[in-house]
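# Chains, contacts and geometry: an overview
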Amino acid sequence: MDPKERIYELRELLHRHNYNYYIKNAPEISDMEFDALMRELQDLEAQYPQYDDENSPTRRVGSDLTKEFVQVAHKYPMLSLGNTYSKGEVADFYERVKRALNDDFEICCELKFDGTSISLTYVDGELVRAVTRGDGEKGDDVTANVKTIRSIPLRLSGSGYPREFEIRGEVLMPWAVFEELNRERAERDEPLFANPRNAASGTLKLQDSSVVAKRKLDAFLYYMLGEELPADGHYENLQKANEWGFKISDTTRKCRTLDEVYQFIDHFDTARKSLPYATDGVVLKVNSIIQQRNLGYTSKSPRWAIAYKFQAERALTRLNEVTYQVGRTGVVTPVANLDPVQLSGTIVKRASLHNADIIEKLDLHIADMVYVEKGGEIIPKITGVDTDARFLLGEKVSFPTKCPVCGAALVRSEGEAAHYCPNYSQCPPQIKGRIEHFVSREAMNIESIGPETIELLYNYGLIKNISDLYTLEACDLLFLPRMGAKSAENIVSGIKESLNVPFERVLFALGIRYVGATVAKRLTRAFVTIEALMAADVQALTAVDEIGERIAGSVVDFFAREDNRNLVAALQAAGVRFVVDDEVVEGRTDKLLGKSIVISGVFEKHSRDEYKAMIEKHGGKNVGSVSKATTFILAGANMGPSKLEKAQKLGVQLVSEEEFLNMLQE
Ligand code: IVH
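One structure accompanies this document, and this report is about it. (Residues numbered from 1 in each chain as written. Predicted model: local features only at pLDDT ≥ 70, side-chain atom pairs only at ≥ 80, totals over all residues. Heavy atoms only, no water.)

## A look at the overall build of the protein chain
We count it as follows: Helix and strand assignments follow DSSP, with helices taken as H or I runs no shorter than four residues and strands as E runs no shorter than two, numbered in order from the N terminus. This radius of gyration counts C-alpha atoms alone. The globule rule is 2.2 Å times how many residues there are, raised to the power 0.38. Only protein chains enter the accessibility calculation, which uses a 1.4 Å probe; a residue whose area is less than 20% of its type maximum is buried, one above 50% is exposed, and one in between is partly exposed. Contacts between residues were defined by any pair of non-hydrogen atoms, one from each residue, lying within 4.5 Å. Areas reported as accessible are Shrake-Rupley estimates using a 1.4 Å probe. Residue values count occlusion only from the protein chains shown.
Across its full length, the protein chain carries 25 helices and 21 strands. Relative to the globule expectation of 26 Å for 666 residues, the C-alpha radius of gyration of the protein chain, 27 Å, shows essentially globular dimensions. Across its three principal directions, the C-alpha atoms of the protein chain cover 80 × 75 × 50 Å. Per-residue burial over the protein chain gives 50% buried out of 666 residues. Residue pairs in contact within the protein chain that sit at least 24 positions apart in sequence constitute 68% of those at least 6 positions apart. Carbon together with sulfur atoms contributes 49% to the accessible area of the protein chain, which is approximately 32200 Å² in total.

What follows is the structure in structure tokens.
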């Protein structure tokens, strides 16, 4: 695949998985898979700097921000850690540190607690604020909830603590509390928490702190920050923190050699299974704070620390049945239904089988004893079959040839692993899936409608496709089960409000394959109206910056269908917006078309953001770092020395504020 297209595809994917993980609390892939995608993107971006984007997921960490809490800026950003999965990668880290420091150093080995991170600020020995990680720059102020956690001191004991400092750590829900909570929830028919991490983060975000208090959260602290810390050693600071009343894990060890680090890892790979709380790895930190400072940070994580993730746990259980799910794009996913089995602290009953090739490779038979793993402890998958234990009469699992819901013959495109149901316009799960996507937060954001409501509306024949949403009236809804007048009103007013959603999100909401939020934005900026977009052929589409053949082909195919054109017409008639807002269009030119521009330094006439907007408005592209592909640097005062040096080396032109504004005037 074209590297440029792959870069955009990876960005869309990672944005989506970030959202699933941090906002929806419902990840679809394991941490390991996520990291692999992230690494692929990092490598490609390093190789092809011309496709730089400062909003790339590689430039930021995920976010747990929610609108219910007051947001507070972190004094020091809350970064994440680089992940490793093998001792080889740990050795690489160790060698990197050794080379960079060129001096003796100690590594502090700690458990990686699997909860939700928190930053606590103490002033004059009193807890004044507790903030979640949020997007790393700012987090949610959850002080009232944190005050209910008994292991977090509200007032410090002893003496010698700095007047003001921050201490960070992990809020956890111990296994026993988690299991009890899920038992109670099961009795009340409430949805269960998938793991203690979700339970801890969900609890910390409750509105009622008296409920939080009942949930018996716990916390370990592992990182002290401030201007006047007691010692140069990270470990030594934590021991002090312990004297002041903080809960510090007694499993932490200082190591002087790589071998000692390995011993720590090996010991806890087994020992962690009998700990009362969940852990998912080990964190290795250079102990001296002076050395930490020398090593510094990348944009996302410290160079002085790294996480080593434990191998996923494995369990053996019986395969009872394979069922098939049809998604909104028609992809058919096989799901294994298993005898319930305990795995990494949760009970597993279902596992994804991904596609027909995997079923074939495993030579899967019903009643087989199968190995289940939780990669990164999230969605379990089947990784092997115990063929010695094969039940002889078990039928071989074969992928269906027809859609399990609508009966249409399935198709499989050349070179693709997935089977699709081609019955785009009639297959119920595809229709419902498209409606779910349409109302989702990043699309039309119709909060009053969730999957259950869509199911009801569809099953009762009130909606047959997306545009039918706009014909609904509150009185139509009242006869639905469990529907009150208030909910009915909410649904209708939510739909009405969506008429204000801008064109770029409407285009994304249509659910065209490969058209994610960023691509939708580019397309709407380039074509301005839906009519122009619908009239565009592959050539016109690929002329737009960052639109490749695959996306172009998908857009053309989408609008070639009569049902899709009818859908657009019906939505237009309902008042949905299919034209870019005037303020976005006004004053647009092509003056900077095809130019990659880096902004650097301090400006007098406009802010950086304003310059960024100007570049985009005139067809240019604002990129983060200087490379061969940079057209020029919009240079203010005090431009960073490294950028300046690079610009000189590559011969990239510097353009002043005045020159830039003149350029746009001409
Ligand atoms: S240190 C700058 N130590 O892992 C480094 N983090 O991916 C700050 N975590 O967000 C983090 N146990 O929520 C550190 N012993 C430990 C940890 C730990 C768990 C979590 C933490 C952080 C994430 C990093």
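## Points about helix 13 (residues 451-459)
Along an α-helix, residues three or four positions apart point the same way, because every turn accommodates 3.6 residues. Listing the buried residues of helix 13 in full gives Thr453, Ile454, Leu456, Leu457 and Tyr458. Buried residues belonging to helix 13 abut helix 12 (428-439), helix 14 (474-477) and helix 15 (485-497). The first or second residue beyond helix 13 is Gly461, which carries a positive phi of 75 degrees.

## Looking at the environment of Ile347
You can see Ile347 is positioned in strand 14 (residues 346-352). In the structure, Ile347 is positioned 130 residues away from Leu477 in sequence and 38 Å away in space, judged by C-alpha atoms. Apart from the residues within four sequence positions on either side, Ile347 is in contact with Pro340, Val341 and Gln342.

## Some remarks on the sheet that holds strand 3 (residues 107-113)
We apply this condition: Two strands form a pair only when DSSP identifies at least two bridges running between them. To get an axis, fit a line to the C-alpha atoms, keeping to the stretch in contact for a helix; angles then go from 0 to 180 degrees between the N-to-C directions.
Here we have 5 strands laid out as an open sheet, ordered 2-11-10-3-9, and mixed in their pairing. Unpaired on one side and paired on the other, strand 2 (83-84) and strand 9 (253-255) mark the two borders of the sheet. Across 3 bridges, strand 3 lies against strand 9 in antiparallel orientation. When the bridges of strand 9 are listed, Cys108 appears paired with Lys254. Helix 8 (residues 234-243) rests against strand 3, strand 9 and strand 10 (279-286) of the sheet, and its axis sits at about 55 degrees to strand 3.

## Observations concerning the site of the ligand
Inclusion rule: For each residue, the test is whether any non-hydrogen atom lies within 4 Å of the molecule or strand; if one does, the residue is near. For the purposes of these results, a polar contact is taken to be a pair of N or O atoms within 3.5 Å, where, inside protein, one atom must be able to donate a hydrogen and its partner to accept one; residues adjacent in sequence count only when each atom of the pair is a side-chain atom. Asp, Glu, Lys and Arg are counted as charged, while Ala, Val, Leu, Ile, Met, Phe, Trp, Tyr, Cys and Pro are counted as nonpolar; the rest, among them Gly, fall into the polar class.
Not every one of the 14 residues close to the ligand is listed here, only the nearest: Glu110, Leu111, Phe113, Glu170 and Tyr222. One of the backbone nitrogen or oxygen atoms of Leu111 is found 3.0 Å away from a nitrogen atom of the ligand. In the complex, the protein chains occlude 90% of the 530 Å² of accessible area that the ligand would expose alone. Listing elements by their share of the shell around the ligand, those giving two or more residues are strand 3, strand 8 (218-225) and strand 10. The leading source of residues in the shell around the ligand is strand 3, at 4 residues. Its residues placed into classes, the shell around the ligand shows 7 nonpolar, 2 polar and 5 charged.

## Overview of the nonpolar core
This is how the line gets drawn: Definition used in this section: a nonpolar core is a set of buried Ala, Val, Leu, Ile, Met, Phe, Trp, Tyr and Cys residues joined via side-chain atoms within 4.5 Å.
Counting residues in hydrophobic clusters, the biggest one holds 55 residues, and the most contacted among them are Leu469 and Leu523. Residues Val90, Leu101, Ile265 and Phe268 belong to the second largest nonpolar core, which totals 35 residues.

## With respect to the packing of helix 20 (residues 549-560) against helix 21 (residues 562-574)
We apply this condition: Throughout, the term roughly parallel applies to angles under 35 degrees, roughly antiparallel to angles over 145, roughly perpendicular to angles from 65 to 115, and oblique to all others.
Interhelical geometry of helix 20 versus helix 21 gives an angle of 80 degrees and a closest axis separation of 5 Å. Classified by the interaxial angle, the pair formed by helix 20 and helix 21 is roughly perpendicular. Taken together, the residues of helix 21 that come into contact with helix 20 (itself represented by Phe558, Phe559 and Ala560) are Glu562, Asn564, Arg565 and Val568. Its residues assigned to classes, the contact of helix 20 with helix 21 comprises 4 nonpolar, 1 polar and 2 charged.

## Points about the pattern of salt bridges
Rule in force here: Salt bridges are identified by distance alone: a Lys or Arg side-chain nitrogen within 4 Å of an Asp or Glu carboxyl oxygen.
A full pass over the atoms with the stated rule returns 30 salt bridges. Here Glu89 makes a salt bridge to Arg39, at a shortest N to O gap of 2.9 Å. Of this pair, Glu89 sits in helix 3 (residues 87-101) while Arg39 sits in helix 2 (residues 31-47), and the two are 50 residues apart along the sequence. Here Arg39 falls in the partly exposed class, since its relative accessible area comes to 35%. A salt bridge links Lys138 to Asp135; the shortest N-O distance between them is 2.7 Å. A relative accessible area of 18% places Asp135 in the buried class.

## Remarks on the packing of aromatic side chains
Our working rule: Side-chain rings of Phe, Tyr and Trp, where Trp is taken by its six-membered ring, are said to pair if the distance between their centres is within 6.5 Å; with planes under 30 degrees apart they count as stacked, over 60 as edge-to-face, and otherwise as tilted.
According to the stated counting rule, one finds 23 aromatic pairs in the structure shown. Ring geometry for Tyr297 versus Trp304: centroids 6.2 Å apart, planes at 85 degrees, classification edge-to-face. Assessed through its relative accessible area of 4%, Trp304 is described here as buried. Ring geometry for Phe558 against Phe559: centres 5.1 Å apart, planes inclined by 85 degrees, an arrangement best described as edge-to-face. Every member of this aromatic cluster is reached through a ring pair, and the members are Tyr122, Tyr161, Phe165, Trp244 and Phe246.

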